[in-house]
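Secondary and tertiary structure notes
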Amino acid sequence: MIKFNVLTLFPEMFTALTDFSIIKRAIDNELIEINLINFRDYSKDKHNKVDDYPYGGGSGMLLRADVLKNCLEDIKPKRLIYLSPKGKLFNQDLAKEYSKLDEITILCGHYEGLDERIIKNYVDEELSIGDYVLTGGELPAMVIIDTISRLVDSVIKEDSYSDETHMSNFLEYPQYTRPYDLDGDKVPEVLLSGNHQDVDDFRLIESFKATVRNRIDLLDFAKLDKKEMKNLREILNKLKKED
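Sequence order as written defines the numbering, with residues in each chain counted from 1. Given that this is a predicted model, residues contribute local features only at a pLDDT of at least 70 and side-chain atom pairs are listed and counted only at 80 or more, while totals for whole chains, interfaces and linings are drawn from all residues. Side-chain numbers here rest on the full set of heavy atoms in the structure, without hydrogens or water.

Under the scheme used here, helices are H or I runs from DSSP no shorter than 4 residues and strands are E runs no shorter than 2 residues, and both carry numbers assigned from the N terminus. Helix and strand counts for the protein stand at eight helices and nine strands. C-alpha extents for the protein along the principal axes are approximately 70 × 45 × 35 Å. The rule is simple: take the accessible area with a 1.4 Å probe, protein chains only, and divide by the maximum for that residue type; under 20% is buried, over 50% is exposed, in between is partly exposed. For the protein, the proportion of its 243 residues judged to be buried stands at 42%. The contact definition used throughout considers only heavy atoms, calling two residues in contact when any of these lie within 4.5 Å. Of the contacts made within the protein by residues no fewer than 6 positions apart, 74% connect residues no fewer than 24 positions apart. As presented, the protein carries roughly 14900 Å² of accessible surface, and 48% of it is formed by carbon and sulfur atoms. Residues counted as positive are Lys and Arg, residues counted as negative are Asp and Glu, and His and the chain ends are not counted. A charge is said to be at NZ when it belongs to Lys, at CZ for Arg, at CG for Asp and at CD for Glu. Taking the 34 positively charged and 46 negatively charged side chains of the protein as two groups, their mean positions are separated by 3 Å. Values of accessible area rely on a 1.4 Å probe in the Shrake-Rupley scheme; residue burial ignores everything except the protein chains shown.

Structure (structure tokens):
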């Protein structure tokens, strides 16, 4: 079981994650726990104020250090992640690493960020889910919790995700289901052949194609075997001709 503590000003947003589908079942089956903590409750201001102007001037507001310190000193997080556009990019490898922990605390930022002293003294890791800026950390927190949770034992079957995009150096191959013929667009015959080796070869080649077209940066050439390198060269040559 893994426990997620989420420090947020908007706990109501997380019903989109906790009340539906796989994550709800995982919570009901006590495979994961999501503990929502509104850190506004730790403000000692009579108006429960949590933000203030930055020293030195500048646009926007910052989350107050004293409010967050009160919260963090109370809950004493084992591993504190701060969600920030300045953070390291979250990926599948990090998700697998975190899925082995028993407790993670996620701090959802707001406004222009938070006081640097909180980052320096309490935060273990700053993470970002992409090169863009959101209005707050709640959506990234949900993305990270969902990504990690589905890798926790028994949340879903391992064979349901072992071949997925980002579980290897390749993007996932295209998949098909019924009907066989969709307005003249038919399922590739190899998938109906019953020949497992031919199906595996087809899927590998299609994975290569998708990766070369969309995310060639994912390919770790040093880890490719001879067959994969041969397929890759053929695909690159074919794509060059198509261009």
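From this point, things continue past the structure.
This part is about the pattern of salt bridges. Should a side-chain nitrogen of Lys or Arg be within 4 Å of a carboxyl oxygen of Asp or Glu, the pair is scored as a salt bridge. Going through the model one piece at a time under the given rule, you end up with 14 salt bridges. Across the salt bridge formed by K78 and D102, the nearest N and O atoms sit 3.4 Å from each other. Note that K78 is positioned in the loop between helix 3 (65–75) and strand 5 (80–89) and D102 in the loop between helix 4 (92–98) and strand 6 (103–108), a separation of 24 residues in sequence. A relative accessible area of 54% places K78 in the exposed class. Judged by its relative accessible area of 45%, D102 is partly exposed. Among the salt bridges present, the one from K88 reaches E125, with a minimum N-O distance of 2.6 Å.

Note on pairing: two strands pair once DSSP finds at least 2 bridges between them. Taken in spatial order, the five strands line up as 2-1-6-5-7 in an open sheet, and their pairing is parallel. With one partner strand each, in any of the chains shown, strand 2 (32–38) and strand 7 (125–128) form the two edges of the open sheet. When strand polarity is set aside, the average angle formed by the axes of neighbouring strands in this sheet is 35 degrees. Every angle, taken between N-to-C directions, lies between 0 and 180 degrees, and every axis is a line fitted to C-alpha atoms, over only the stretch in contact when it is a helix.

It is worth spelling out the UniProt feature "binding site: S-adenosyl-L-methionine" (unreviewed entry) in the protein at this point. UniProt positions are given in the numbering used here, feature names are shortened, and annotations may be inferred rather than shown by experiment. Under the UniProt annotation, the feature "binding site: S-adenosyl-L-methionine" (unreviewed entry) is placed at G109, I129, G130, D131, Y132, V133 and L134. Note on placement: G109 falls in the loop between strand 6 and helix 5 (116–122). Tracing the sequence through the fold places G130 in the loop between strand 7 and helix 6 (138–149). On the basis of relative accessibility, which here comes to 7%, the residue G130 falls in the buried class.

Looking now at helix 3. Burial in helix 3 covers these residues: A65, V67, L68, C71 and L72. Seen end-on, helix 3 carries its buried residues on one side only, within an arc spanning 165 degrees. Packing partners of the buried residues in helix 3 comprise strand 1 (2–8), strand 2, strand 4 (62–63), strand 5, strand 6 and helix 5. Taken from the residues just after helix 3, K76 is the one with a positive phi, measuring 50 degrees. Taking the helix axis as origin, the arc is that swept by the directions to the C-beta atoms.

Here the focus is the packing of helix 7 (residues 196–214) against helix 8 (residues 226–242). Between two packed helices, both the angle of their axes relative to each other and the distance between the axes serve to describe the pair. Orientation of helix 7 relative to helix 8, taken along the N-to-C sense of each, is 55 degrees, at an axis distance of 10 Å. Considering the angle they form, helix 7 stands oblique to helix 8. As helix 7 packs across helix 8, the resulting crossing turns out to be right-handed. Contacts from Q197, D201, L204, I205, F208, K209, V212 and R213 of helix 7 reach helix 8 at K227, E228, N231, L232, I235, L236, K238, L239 and E242. Classification convention: Asp, Glu, Lys, Arg as charged; Ala, Val, Leu, Ile, Met, Phe, Trp, Tyr, Cys, Pro as nonpolar; all other residues, Gly among them, as polar. Its residues assigned to classes, the contact of helix 7 with helix 8 shows eight nonpolar, two polar and seven charged. Roughly parallel refers to an angle under 35 degrees, roughly antiparallel to one over 145, roughly perpendicular to one between 65 and 115, and oblique to any angle outside these ranges. Crossing handedness follows the turn of the near helix against the far one: under a right angle anticlockwise gives a left-handed crossing, and clockwise gives a right-handed one.

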